[in-house]
Number of protein chains: 2
Amino acid sequence: MRLAELSERSGVPTATIKYYLRERLLAPGRRISATHAEYGEEHLRRLRLVRALIQVGGIPVAAARDVLAAVDDDSLDHHMRLGAAVWAIPHGPDPDEDDPVTEAARRTADALLEQLDWGFGRELGAQSPPYRMLVAAIATMDGLGYPCDVAHLLPYARSAAELAVTDLDLVERYEQEEEQVEAAVALTVLYEPVLLSLRRLAQAEESHRRFG
Amino acid sequence: MRLAELSERSGVPTATIKYYLRERLLAPGRRISATHAEYGEEHLRRLRLVRALIQVGGIPVAAARDVLAAVDDDSLDHHMRLGAAVWAIPHGPDPDEDDPVTEAARRTADALLEQLDWGFGRELGAQSPPYRMLVAAIATMDGLGYPCDVAHLLPYARSAAELAVTDLDLVERYEQEEEQVEAAVALTVLYEPVLLSLRRLAQAEESHRRFG
């Protein structure tokens, strides 16, 4: 398809697509004349992913390029590529290494992973970005004096495990491995606002049930 | 307690506390001399909440002031005050009203609430900020061509309902109604990064189980 059709089918303005091409977030089309290039379904898919990262995830262009590099890294096997691509999505600040509160938060996170028997997470530990994100979140709550020990965290972790099953079921509906990796990244980002809004709606429902 | 003790117990620097006082995010202490004021436990609690909103939630000062006004609004009964305070927490952009994609997303959201039998949410509809947040999130996914119909959303909503039970159990551990409202706001904000990091950790675990 031509640029105009790519724009129409994706809902992304042509000027934005040209910007993504210049920023190497989108591979160039197949050149068919001095002024025209031809784009394929893979461009459409990639454009949707870029849009999800930048528009919904609010991810800076340079960080989005890192995520896409991980998506395209075919030196990894499928499982590792899936993990690496999702982990390349930026998250909050890393925990403050020298802080005793961080040390305590790390012990809480480790005890939680042990209790859940999340062996993969325990094996990788602080190498894994979501582990560091969790430690930082626990340290912040501890520092502010809000409850965040293993007993408090367990029910959240159990719900997260259910969410992950739902997430991976969705990812597995895509047939090709390349599509699965793209979908894992897009759905991780896109379902975050869905999940947070549903939690606030459910809180209102539960609060109405208890106090209403 | 004096300002120095308030700073030490809260972990918030005195300069920051003075800034919060100037910005009316914190009520003035009881003046005991020309240069000194005395602060109570309610200041310590409020300071933790302000810190949660601004530091973790990344909420601008003016918006934090709106949330605190809702927390302090004793014209509402407990249930309504709890809901109003949590709903005053800023969220993503509202859906684009005139867009046919938004119209379709609203129908999806309504069908979801009906299937869940969330009567409170159905009654309030678009008056409720998390409903508008959900509609915007669905519209974005639809617009990008990612799956987001009722069948896809239901398992996320079911997990959200479990999370809300956990959230409200935590809130109910606080004895006074005032403390419950403050805790509801703080825990809504503070558990978001906890939840999102646990989801990414659980995804890695589930992915390892399926593809590893």
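Note that the structure is a prediction, hence the values are computed from the model and not measured.

A. Summary view of unusual backbone geometry. Phi at Arg24(A) takes a positive value of approximately 55°, unusual for a residue other than glycine. On the basis of neighbour counts, which here come to 12 C-beta atoms within 10 Å, the residue Arg24(A) falls in the exposed class.

B. The interface of chain B and chain A, seen in detail. Taken residue by residue, the interface counts 68 residues in chain B and 68 residues in chain A. Sort the elements by how many residues they give to the side of chain B that touches chain A and helix H10 (residues 177–211) of chain B lands first, with 24 residues. Of the residues belonging to the side of chain B that touches chain A, the class tally is 39 nonpolar, 19 polar and ten charged.

C. Quick look at the domain arrangement of chain A. Residue and element names in this part refer to chain A. Each domain of chain A was delimited in the assignment, giving domain 1 (3–75) and domain 2 (87–211). Distance between the C-alpha centres of domain 1 and domain 2: 29 Å. Across the boundary between the two partners, domain 1 contributes 13 residues, which contact ten residues of domain 2. Broken down by secondary-structure element, the contributors of at least two residues to the side of domain 1 that touches domain 2 are helix H3 (41–56) and helix H4 (61–71). Element by element, the count of residues in the side of domain 1 that touches domain 2 is highest for H3, at six residues. Of the residues assigned to the side of domain 1 that touches domain 2, the class counts are nine nonpolar, one polar and three charged.

D. A look at the nonpolar core. In terms of nonpolar packing, the biggest core is built from 130 residues, with Val185(A) and Val185(B) touching the most fellow members. Residues in contact with Val185(B), not counting those within four places in the same chain, are Leu49(B), Val67(B), Val71(B), Ala85(B), Val86(B) and Ile89(B).

E. Summary view of the relation of the copies chain B and chain A. Relative to chain A, chain B is turned by 180° and slid 0.0 Å along the rotation axis, the superposed coordinates differing by an RMSD of 0.0 Å. On this basis, the relationship between the two copies can be described by a two-fold rotation axis. Nearest to the rotation axis, the C-alpha of Ser159(B) is located 2.9 Å from it, this being the minimum over chain B. A symmetric contact is evident, with 100% of the interface residues of chain B recurring at the interface of chain A.

Rules and cut-offs
Residues numbered from 1 in each chain as written. Chains lettered and ligands numbered in written order. Predicted model: local features only at pLDDT ≥ 70, side-chain atom pairs only at ≥ 80, totals over all residues. Buried ≥ 20, exposed ≤ 12 C-beta atoms within 10 Å, placed from the backbone. Contact = placed C-beta atoms within 7 Å. Helix = DSSP H or I, 4+ residues; strand = E, 2+ residues; numbered from the N terminus. Nonpolar A, V, L, I, M, F, W, Y, C, P; charged D, E, K, R; others polar. Domains from an automatic or database assignment. Core = buried A, V, L, I, M, F, W, Y, C linked by C-beta atoms within 7 Å. Least-squares fit on C-alpha atoms with pLDDT ≥ 70 in both.

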